[in-house]
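Listed here are the chains, written in short residue letters.
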Amino acid sequence: MAPDAPGPLDGVDGAPTWTVAVRALCEFTAKRGDLDLRFTPSPTGAEGIEGHGTVTARRPTGYQREVPLEGVFDTLRVRGRADGWDPHAKRLEEIKTYRGDLAAVPLNHRALHWAQARIYGALICRQLGLPGVTLALVYFNIDTQAETVFTEVHEVPALQVFFDAQCAQFLAWAAQEGAHRTARNKALTALQFPLPAFRTGQRELAEAVYRAARSGRCLMAQAPTGIGKTVGTLFPLLKAMPVEQLDKVFYLAAKTPGRRLALDALQQIRRAGPHPRLRVLELVARDKACEHPDKACHGASCPLARGFYDRLPAARQAAVDEAAGHLLDQVTLRDIALQHTVCPYYLSQELARWADVVVGDYNYWFDTSAMLFALTQAEGWRVAVLVDEAHNLAERARGMYSAELEQGALKTLRRAATALSPPLKRSLDRLNRRWNELQREQTATYVAMDAIPAPFTEALHQTLATLTDLLADRPALAAEMAQAGADLQRFYFDALHFARIAGSFGPHSLFDITLRPGRAPLPARPAASTLCIRNIVPAPHLQARFAGARTVVLFSATLSPRHYHADLLGLPDNTAWIDVPSPFTARQLTVRVARDISTRWNDRERSLAPIVELIARQYAAKPGHYLAFFSSYDYLDRVFALLSAQHPGVPCWEQQRQMPEAARDAFLARFTPGGQGIGFAVLGGAFAEGIDLPGDRLIGAFIATLGLPQVNPVNEQIKARMEAAFAGQGYDYTYLYPGLQKVVQAAGRVIRSPADEGVLVLMDDRFTRAEVRALLPVWWAPGERAGDSKAE
Ligand code: SF4
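Residues numbered from 1 in each chain as written. Predicted model: local features only at pLDDT ≥ 70, side-chain atom pairs only at ≥ 80, totals over all residues. Heavy atoms only, no water.

(A) The state of the cysteines, seen in detail. Enumeration according to the criterion identifies zero disulfides in this entry. In this model C125 remains outside any disulfide bridge; the closest cysteine sulfur is found in C167, 15 Å from its own. The exposure class assigned to C125 is buried, which follows from its relative accessible area of 4%. (Disulfide = S-S within 2.5 Å. Buried < 20%, exposed > 50% of the residue type's maximum accessible area, 1.4 Å probe, protein only.)

(B) Layout of the pattern of salt bridges. In total, this model carries 43 salt bridges according to the counting rule given. Residue R550 is joined to E244 by a salt bridge in which the shortest nitrogen-to-oxygen separation is 3.0 Å. Of this pair, R550 sits in the loop between helix 20 (539–547) and strand 16 (551–556) while E244 is found in helix 6 (residues 229–244), placing the two residues 306 residues apart along the sequence. Looking at E244, the relative accessible area reads 7%, which means it is buried. (Salt bridge = Lys/Arg side-chain N within 4 Å of Asp/Glu carboxyl O. Helix = DSSP H or I, 4+ residues; strand = E, 2+ residues; numbered from the N terminus.)

(C) Geometry of the layout of surface pockets. By volume, the second largest pocket is sized at about 1,400 Å³. Of all the elements in the fold, those that place two or more residues in the lining of the second largest pocket are helix 6, helix 7 (256–272) and helix 24 (661–669). Per-element tally for the lining of the second largest pocket: the top contributor is helix 7, with nine residues. For the lining of the second largest pocket, the class distribution of residues is 13 nonpolar, 13 polar and 17 charged. (1 Å grid on protein atoms, 1.4 Å probe; cavity = no way out; pocket = protein on both sides within 12 Å on 5 of 7 lines; lining within 4 Å. Points joined across faces, edges and corners; volume = space filled by probe spheres on them. Nonpolar A, V, L, I, M, F, W, Y, C, P; charged D, E, K, R; others polar.)

(D) Region of interest: unusual backbone geometry. The residue after S560, namely P561, is reached through a cis peptide bond having omega -5°. Here the phi dihedral of K90 falls at roughly 50°; this positive angle occurs in a residue that is not glycine. Mapped onto the secondary structure, K90 falls in the loop between strand 3 (76–86) and strand 4 (91–98). Taking relative accessible area as the criterion, K90 reaches 37% and is therefore assigned partly exposed. Unusually for a residue other than glycine, Q245 sits at a positive phi of about 50°. Relative to the helices and strands, Q245 resides in the loop between helix 6 and strand 8 (248–253). With a relative accessible area of 43%, Q245 lands in the partly exposed category.

(E) How the structure looks around the packing of aromatic side chains. Applying the stated criterion to the full structure yields 32 aromatic pairs. When the centroid spacing of 5.1 Å and the interplanar angle of 85° are considered together, the rings of F308 and Y309 count as edge-to-face. Take F308 and Y309: they sit in the same class, and that class is buried. Residues F630 and F680 carry aromatic rings whose centres are separated by 5.6 Å and whose planes lie at 10° to one another, so their mutual orientation is stacked. With a gap of 50 residues between them, F630 in strand 19 (residues 625–630) and F680 in strand 21 (residues 677–682) connect regions that are remote in the sequence. The two residues F630 and F680 agree in class, both being buried. We note R118 situated over the ring of F162; from NZ or CZ to the ring centre the distance is 5.8 Å. It is R545 that lies over the ring of F373; its NZ or CZ is 4.1 Å from the centre. (Phe/Tyr/Trp six-rings, centres within 6.5 Å; stacked < 30°, edge-to-face > 60°. Lys NZ or Arg CZ within 6 Å of the ring centre and 35° of its normal.)

Shown next as structure tokens:
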């Protein structure tokens, strides 16, 4: 357990059993009042350290900085470093830096600061044998360098009562947590596999995961659909928890269905063994958990934020009690939160500290400000991470480490600022001038650069500094701008993200400028543009994430070629690999290649009729449910229209652009057992992976594309970067591998169990090429004739 969370020490010879930092103690016991997430510009970490230095440098000779203090209550050891101690004045100082108006620092924050000062006061009195002490809260304004000091004089008895009360409260919780952990580990040690037997390949997978956890290595596990990957990865990690003294297991999924599968598997595991105490928590996005989407996250707006911290202890206790019998999934957590009138989303964030298994999205571990990763670092947890459908991770991570700025948004802000804030207007104008300089010579719509010009980043930093000061001095400015139709806060956050990503710019990314379509770049009146820092290789950003866990297990049915994923993700050199053979046989899947069809852009028109003919012929030969995949909605629409016109008796339905969840469910609901018809979908879309249509709910798939990304200026730049990073692999890493991965994922919808049988028609002559064949699953045996098309 964490050094500053309740954690077992040696616990012998009367030594304390738990240790906690002063700050963590107070945050747990003394946080009261509202949840308040209103935006207030605050000093950065570096500014805070500098501010502390400035204050302590002003103190007289003999003043002591960062004074280590420690004390014991019963079996609890409390320790920390007081900011400053003046031995002559017998004055202990707690220093807090801030921006803007001190009155804006919420009262509950100040109460927390006083609680810390009192704990330090009790500790120093005990350590130095003092009868009393003066406590000073020093608020230091980072911009004006002014100090505001509040003091209290305390005698030991009162400080001791306060200290004992906080410790007793914490110790009760710590003892409960200790008992939970002991019981959990005992139960996990005795845990039996939750099914009567391992499926083919499942034991091999489970053993590889266990070995990875024991050896502290990462693992890439390519394992086919249908072998029970979710249980096959969770079970061994749970078994490794007591042996490896793991604090937590994080199960990360790319999409909601993946989370659901994990929760089902965990329920199965809980039911199968004598371990009802395993605490399982589901984390969902804020917009999905929010009960008041029309309100803001502070007490003056949202009733579930008002008094949040007053009611949190009871809600937290209720949740961990409930976790003994049920999963803390979205529904259960919502019930508990509403019973205690607290926000379900922020309750779930708090419970991440106390759960054994957390199920959530990739971004909780891999994003720039990933909550679970940050907590793990801060608390020193020992964790294991499972990454479900890991073939998606590289693409998702690219998005996390990319950033965009829209000049149109800047223009709107400049217009609104003219009347509302001349200093803001001047700052934004300066940024706009630098922005225009970037594109002054630009004649093409799209231009990529190897570096971000320094004058622009300097102007961006200046603008951010001005915005930070303005928002601190005039908190209502963002709301005034919003009334004028300009989203200052959004721009501020976008600019902050852009500046942060720019700070780590390197060969792994490219900087590009896209002029707004339809406007020529005129030197006198430059076109508006979008600036983008586009991450291509997320590896340098992710390496710390892999190093921060005891093991990270990445699993998927499609992780080939191994080096492609390992290179893009930056997996450690000693990452283990397992390729679990498929339990399916060539007998189950008839694979046909239509080698006289070309789906290349220039051949699209010509391809429509043969594709329709092939689909209709297959359908007539064996009526049933099929999925037909295309590279784009446009292609899909054209084939759909032609098939509907020429074969009106064939039931067809098509995927729509931006399809709502209910419509997606309706699309899938048509695949009933024993039914017939063809669902048209785009490759890489919502129906191309993560859906399960076993038996005769789906008997075949047509794939009219290699899935290759479009050749365009952006992808060509990406190819060049890939070539530079991975010599000789530019085309494969940009086009071939991502495309074929989508094909194999989509085709994987057809055979879901050893009892399934079906047909797969690959429509493009390039499926006959050796380099393409090498990327298809080995158990496929393409070669039969595709309708009347020429067979290989
Ligand atoms: S319910 Fe919604 S608005 Fe209220 S605190 Fe929670 S997330 Fe914020």
